[in-house]
Amino acid sequence: MRVAVFSAKPYDRRSLDAGNKAFGHELTYYETHLDPLTAPLAAGYPAVSVFVNDDVNAEVMAALAAGGTRLIATRSAGYNQIDLAAAEAHGITVARVPAYSPSAVSEFTVGLMLMLARRIHRGHQRVRQNNFELEGLQGFELHNKTVGILGTGKIGANVARALSGFGCTLLAYDLYPNPSLADVVRYTDMAELFGLADIITLHVPLTPETHHLINAATIAQLKRGMMLVNTSRGGLLDTPAVIEGLKSGQIGYLAIDVYEEEDELFFQDLSDQVVQDDVFARLLTFPNVIVTAHQAFFSHEAL
Ligand code: NAI
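A quick note: this is a predicted structure, and the numbers were derived from the prediction, not measured.

K.L.:
I'm lost on the pairing of strand β11 (residues 251–256) in this one. Help?
P.N.:
Two faces, one strand: in a regular strand the side chains alternate between the faces of the sheet. When you tally the buried positions in β11, you get six out of six residues, the bulk of the element. Bridge count for strand β10 (residues 226–230) against β11 is five bridges, and the pairing is parallel. In the sheet register, Met227 faces β11, and the bridge partner there is Tyr253. Read from β10 through helix α9 (residues 239–248) to β11, the crossover connection turns out right-handed. On the question of chirality, the crossover connecting β11 to the parallel strand β12 (residues 289–291) by way of helix α10 (residues 278–283) is right-handed.

In structure tokens form, the structure reads like this:
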């Protein structure tokens, strides 16, 4: 089958070429995102492969259908970038990765918590400058802390199991509680979780219901000085409200692997350019904030 692969990085080519040896599909790689301007590149391709920052909205879907595309396969677990109603209207099938490295993302999530809690990122920077002073590096232990897990699907469940090993008290909220976690977490409502958790980690997908789940009103309900970790999707946070929460001290620590406006930034080397996104730039100024760029899933090249 002819497949147009958008947002293709060298590591995508390597793993897809390796995986394709057994199938012999005709893969055409495009470095560009899929959006209304680039959709004509897919004309004549029955299948299109996309990633998290491709914008497969209704306009793109119409262009794909007109060009003969019948299948969109996203190289991600989340599918918030794809207008499913438009796909159905055009008879286009959408496929996703059912489980995207749950252990990779959950291990990374716990790593971010440890970095923030023990200020490992700050200690590492100091020692590189021959500064061996401890003042300002005092951290806290995860042991005995209350962690709230929003979303206990594949990734959230792994995080819960890992954190139970640290001796954390685990609260969880999910539309569909996971019976396999009955001995590990206590399910509760979001209000109690927000009020009790020392650490909150987000593992729900981005949907209209979860968009800006963390906003000025919910931030006001959080335990003062808490830690917020988001390795799910940027749109779960109202970032300007989170920045206000950081400035006031309501949020004491923040780690994000995703950012709502990441499509202008992530997956590219902008080190010699002036970043135009002032909200993102402000995030990078906080000593108690760690930002990574979709690194959580990236643990093994040969998928
Ligand atoms: P999953 O589908 O196994 O779990 C999602 C859970 O969220 C389910 O248990 C579901 O019931 C729950 N949920 C859905 N809507 C909800 C709502 N409104 N309120 C409460 N719970 C709700 O997904 P998985 O594999 O655990 O991945 C979770 C998310 O992680 C993905 O949607 C994706 O956005 C993100 N992800 C991020 C990666 C990264 O590189 N940072 C890599 C892979 C996934």
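K.L.:
Help me out: how do you make sense of the sheet that holds strand β9 (residues 199–202) in this one?
P.N.:
The pairing of strands in a sheet comes from backbone hydrogen bonds and takes either a parallel or an antiparallel form. Here we have seven strands laid out as an open sheet, ordered β8-β7-β6-β9-β10-β11-β12, and parallel in their pairing. Edge strands, defined here as strands with exactly one partner in the open sheet, are β8 (186–187) and β12. Helix-sheet contacts for helix α4 (residues 102–118) involve β6 (146–150), β9, β10, β11 and β12, and the interaxial angle to β10 is about 150°. Contacts from α9 reach β10, β11 and β12 within the one sheet, and its direction differs from that of β11 by about 140°.

K.L.:
Explain the pairing of β10 to me, please; I cannot follow it from the model alone.
P.N.:
Of all five residues making up β10, five are buried, and the element is well covered by its neighbours. Neither face of β10 is open: one carries Met226, Leu228 and Asn230, the other Met227 and Val229, and all of them are buried. As paired strands, β9 and β10 are joined by four bridges and run parallel to one another. Along β10, the bridge assignment pairs Ile200 with Leu228.

K.L.:
What should I look at first to understand the site of the ligand in this one?
P.N.:
Lining the immediate environment of the ligand, one finds 22 residues, of which Lys154, Ile155, Asp174, Thr231 and Asp257 sit closest. Interatomic distance of 2.9 Å between a backbone N/O atom of Lys154 and an oxygen atom of the ligand. Measuring from an oxygen atom of the ligand, one finds a side-chain N or O atom of Ser232 at 3.4 Å. Here the ligand has 870 Å² of accessible area as a free molecule, and 88% of this is covered by the chains.

K.L.:
Got a minute to help me understand the sheet that holds strand β5 (residues 93–95) in this structure?
P.N.:
One open sheet holds the five strands; their spatial order is β2-β1-β3-β4-β5, and the pairing between them is parallel. Only two strands of the sheet have a single partner each, and these edge strands are β2 (26–29) and β5. Averaged over all neighbouring strand pairs, the angle between strand axes comes to 20°, with direction disregarded. As judged from the three bridges shared by strand β1 (residues 2–5) and strand β3 (residues 47–50), these two strands associate in the parallel manner.

K.L.:
Help me out: how do you make sense of the nonpolar core in this one?
P.N.:
Within soluble globular proteins, side chains that are nonpolar tend to cluster in buried spots. In terms of nonpolar packing, the biggest core is built from 62 residues, with Leu163, Ile200, Leu202, Met227, Leu228, Val242 and Leu254 touching the most fellow members. Per element, the largest residue contribution to this core is seven residues, and it comes from α4. Beyond its immediate chain neighbours, meaning those up to four positions away, Val242 contacts Ile214, Ile219, Leu228, Leu237, Ile251 and Leu254. Ala42, Leu64, Ala65 and Ala86 belong to the second largest nonpolar core, which has 19 residues in total.

K.L.:
Looking at this model, I keep getting lost on a negative patch on the surface. Mind explaining?
P.N.:
On the surface, Asp55, Glu261, Asp263 and Glu264 cluster together into a negatively charged patch. Structurally, the position occupied by Asp55 is in the loop between β3 and α2 (58–66).

K.L.:
Help me out: how do you make sense of the side chain of His121 in this one?
P.N.:
Mapped onto the fold, His121 is located in helix α5 (residues 120–128). From its side chain, His121 meets the backbone oxygen of Pro287 in a polar contact 3.1 Å long.

K.L.:
What's the story with the packing of aromatic side chains in this structure? I'm lost.
P.N.:
Note on aromatic pairs: each is described by the distance of the centres and the angle between the planes. Scanning the model with the defined rule gives eight aromatic pairs in all. A ring pair is formed by Phe6 and Tyr30, whose centres lie 5.2 Å apart and whose planes are at 35°; its orientation type is tilted. Linking Phe6 in the loop between β1 and α1 (10–20) with Tyr30 in the loop between β2 and β3, this pair joins segments that are 24 residues apart in sequence. Tyr30 shares its class with Phe6; the two are buried. Centre to centre, the rings of Tyr259 and Phe280 are 5.0 Å apart; their planes meet at 50°, and the pair counts as tilted. A residue pair is termed long-range when its members are at least 10 positions apart, and Tyr259 in the loop between β11 and α10 and Phe280 in helix α10 qualify at 21 residues. A relative accessible area of 4% places Tyr259 in the buried class. Taking the relative accessible area as the measure of exposure, Phe280 reaches 9% and is therefore buried. When the ring centre of Tyr45 is taken as reference, the NZ or CZ atom of Arg2 above it lies at 4.2 Å.

Definitions and cut-offs
- Counting restarts for each chain, with residues numbered from 1 along the sequence as it is written.
- For a predicted model such as this one, the threshold for reporting local features is a pLDDT of at least 70, and the threshold for listing and counting side-chain atom pairs is 80 or more; totals across whole chains, interfaces and linings nevertheless cover every residue.
- Each side-chain value is worked out from all heavy atoms of the structure, with water and hydrogens disregarded.
- A 1.4 Å probe rolled over the protein chains alone gives each residue an accessible area, and that area as a share of the maximum for its type sets the label: buried under 20%, exposed over 50%, partly exposed in between.
- Where helices and strands are cited, they refer to DSSP runs of H or I of at least four residues and of E of at least two residues respectively, numbered from the N terminus.
- Note on pairing: DSSP must find at least two bridges between two strands before they are called paired.
- Handedness of a crossover is defined as follows: with both strands directed away from the viewer, a clockwise route from the first strand across the helix to the second makes it right-handed.
- Throughout, a contact is declared for two residues whenever any of their heavy atoms are within 4.5 Å.
- All axes are obtained by fitting lines to C-alpha atoms, using only the stretch in contact for helices, and the reported angles, taken between N-to-C directions, cover 0 to 180 degrees.
- Working definition: residue near molecule or strand if any one of its non-hydrogen atoms lies within 4 Å of it.
- Polar contact is defined as a pair of N or O atoms within 3.5 Å, subject to the rule that within protein one atom must be able to donate a hydrogen and the other to accept it, and that residues adjacent in sequence are counted only when both atoms are side-chain atoms.
- Accessibility throughout is a Shrake-Rupley quantity obtained with a 1.4 Å probe, and a residue counts as covered only by protein chains that appear here.
- Within this scheme, the nonpolar core is defined by two criteria: the residues are buried Ala, Val, Leu, Ile, Met, Phe, Trp, Tyr or Cys, and they are joined through side-chain atoms within 4.5 Å.
- Like-charged residues within 9 Å of one another, or nonpolar side chains (Val, Leu, Ile, Met, Phe, Trp, Tyr) within 5 Å, are grouped into patches, provided each residue has over 30% relative accessible area and no salt bridge.
- For salt bridges, the criterion is a side-chain nitrogen of Lys or Arg within 4 Å of an Asp or Glu carboxyl oxygen.
- Under the convention used here, Asp and Glu are negative, Lys and Arg are positive, and both His and the chain ends fall outside the count.
- Every charge is mapped onto a representative atom, which is NZ of Lys, CZ of Arg, CG of Asp or CD of Glu.
- Any two of the Phe, Tyr and Trp rings considered here, Trp counted by its six-membered ring, make a pair once their centres fall within 6.5 Å; the pair's planes then place it as stacked at under 30 degrees, edge-to-face at over 60, or tilted in between.
- Sitting over a ring, as applied to charges here, requires NZ of Lys or CZ of Arg to be within 6 Å of the ring centre and within 35 degrees of the ring normal.

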